[in-house]
Amino acid sequence: MDLSYTPEEEEFRARLREWLTKVLPTLPAKPSPDDWPARRAYDLGWQRLLYDAGYADVHWDASPTVRLIFLEETEKAGAPYVGANFVGLLHAGPTIAAEGTDEQRARWLPPILRGEEAWCQGFSEPDAGSDLASLRTRARRDGDDYVVNGSKIWTSHAEVADWCELLVRTDAEAPKHRGISWLAMPMDAPGITVRPLRTLAGSAEFAEVFLDDVRVPVANRVGDENDGWRVTMVTLSFERGTAFVGEVVACRRVLGELADEARRNGRWDDPVVRRRLGRLNAEFRALWRLTQWNVSEAEASGGVPGVGGSVFKLRYSHARQELYDAAAEVLGERALDLDRPWVLDRLSSLSYTIAAGTSQIQRNIVAERILGLPKGR
């Protein structure tokens, strides 16, 4: 296994750094976190800049290593996060690139890359979260369409999305993992109701979505009918394997800032605080090496991350929570001030052991697919 970079990859890194240095000072001010239409416009505008500069295709047309370099350098430079482009660029787009037909790739990938269309994720349901395969949203075949009825919850960016990667049950009689299909649903179709949800941190990037006789063309199905669970595993491998890469870099930056703050306010004199920050530094360095390992494995297996992504996601989720618990220790009583840096991040970090597959589910995956342990009864 080679964790080093080739001369061509280092040349890409240098060229990207130079471009970021020039373009980032020219960006407009970021919109309010609560103004999602403005945030969508800002995020898609950034994606258009990447497209015009030749960097938009790194999420599926470039090698996993180049993708890693891109995410690392943009995060280090403080470039805009993918935001409203998250599902399209990091979930749906890579899935369509890997599993879609030529026609589907031609229809959906260019608009994502050009910053013209945003996607949301319609996976979880009120009674199908960790046990995603128990979903009950139905899709009945009617000629060239599916007629969809049901509801989704925690649908990322639904209020500003053009498309939804949607899991539906197309065979109610089949075993639950075998009767699911993966559809691309237009969010302007009649019968769709979106109700935003406000999180503990006060943001509203999630929504409930209600589907009443929504017609979705059969041509919008990615993969075969009733083969959606396999396609979903491809989606989740990207979500757990590479989608958090930039956040690891961000956490390492925050850790350095925490150490600086501890030195300023005197908390650095506490050996317990120093030891905790030092252990977290080792933790995130190890996570970065694990990321490189997963990317190297993906490079050798055709570009799709493997089950090692579950190891990463499991440990990263807890490390992120520990990081912001340490931030509260450094801040002391100021950790109750919502206007302080890191306080809202601490609240949002609580969701990481649930989002993208709970830690319990990741442990099951690691036990069964990596360690070869028997399934629980």
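Residues numbered from 1 in each chain as written. Predicted model: local features only at pLDDT ≥ 70, side-chain atom pairs only at ≥ 80, totals over all residues. Heavy atoms only, no water.

**Q** Can you help me understand the packing of helix H1 (residues 7-23) against helix H2 (residues 36-53) in this one?
**A** Working note: a packed helix pair is described by the angle between its axes plus the distance between those axes. Viewed as axis vectors pointing N to C, H1 and H2 meet at an angle of 135 degrees, and their least axial separation amounts to 12 Å. Comparing their axes, H2 and H1 come out oblique. Like other packed secondary-structure pairs, H1 and H2 cross with a definite hand, here right-handed. Contacts between H1 and H2 involve Trp19, Leu20 and Val23 from the former and Trp46, Leu49, Leu50 and Ala53 from the latter. Looking at the contact of H1 with H2 residue by residue, the class counts come to seven nonpolar, no polar and no charged. (Axes fitted to C-alpha atoms, helices over the stretch in contact; angles between N-to-C directions. Helix = DSSP H or I, 4+ residues; strand = E, 2+ residues; numbered from the N terminus. Parallel < 35°, antiparallel > 145°, perpendicular 65-115°, else oblique. Left-handed = near helix turned anticlockwise from the far one by under 90°. Contact = heavy atoms within 4.5 Å. Nonpolar A, V, L, I, M, F, W, Y, C, P; charged D, E, K, R; others polar.)

**Q** Please clarify how the pattern of salt bridges should be interpreted in this entry.
**A** Pairs can form between side chains of opposite charge once their charged atoms are near each other. Counted by the stated rule, this structure contains 32 salt bridges. In this structure, the salt-bridge partner of Lys22 is Glu18, at a minimum N-O distance of 3.6 Å. Here Lys22 pairs with Glu18, and both are found in helix H1, just four residues apart, close to one helical turn. Here Arg267 and Glu329 are joined by a salt bridge, their closest N and O atoms 3.9 Å apart. In this pair, Arg267 is assigned in the loop between helix H7 (245-265) and helix H8 (271-300) and Glu329 in helix H9 (residues 308-331), connecting sequence segments 62 residues apart. (Salt bridge = Lys/Arg side-chain N within 4 Å of Asp/Glu carboxyl O.)

**Q** What is the right way to read the pairing of strand S5 (residues 180-186) from this model?
**A** Residues in a regular strand point their side chains to alternate faces of the sheet. Burial of S5 is extensive: seven of the seven residues sit out of reach of the surface. Judged by which residues are buried, S5 turns out to be covered on both faces: Ile180, Trp182, Ala184 and Pro186 on one side and Ser181, Leu183 and Met185 on the other are all buried. Sheet analysis places strand S4 (residues 163-169) next to S5, joined by seven bridges and oriented antiparallel. The residue of S5 that forms the bridge with Leu167 is Trp182. Pairing of S5 with strand S8 (residues 221-222), which is carried by two bridges, proceeds in the antiparallel orientation. (Buried < 20%, exposed > 50% of the residue type's maximum accessible area, 1.4 Å probe, protein only. Pairing = 2+ DSSP bridges.)

**Q** Explain helix H3 (residues 64-76) here, please?
**A** The periodicity of an α-helix, 3.6 residues per turn, causes residues three or four positions apart to be oriented the same way. Here H3 is 13 residues long and its end C-alpha atoms lie 18 Å apart, about the 18 Å a rise of 1.5 Å per residue gives. Here H3 lies mainly inside the structure; 12 of its 13 residues are buried. Turning to H3, its buried residues are Pro64, Thr65, Val66, Arg67, Leu68, Ile69, Phe70, Leu71, Glu72, Glu73, Thr74 and Glu75. Downstream of H3 by a residue or two, Gly78 has a phi angle that is positive, lying close to 75 degrees. (Expected span 1.5 Å × (residues − 1).)

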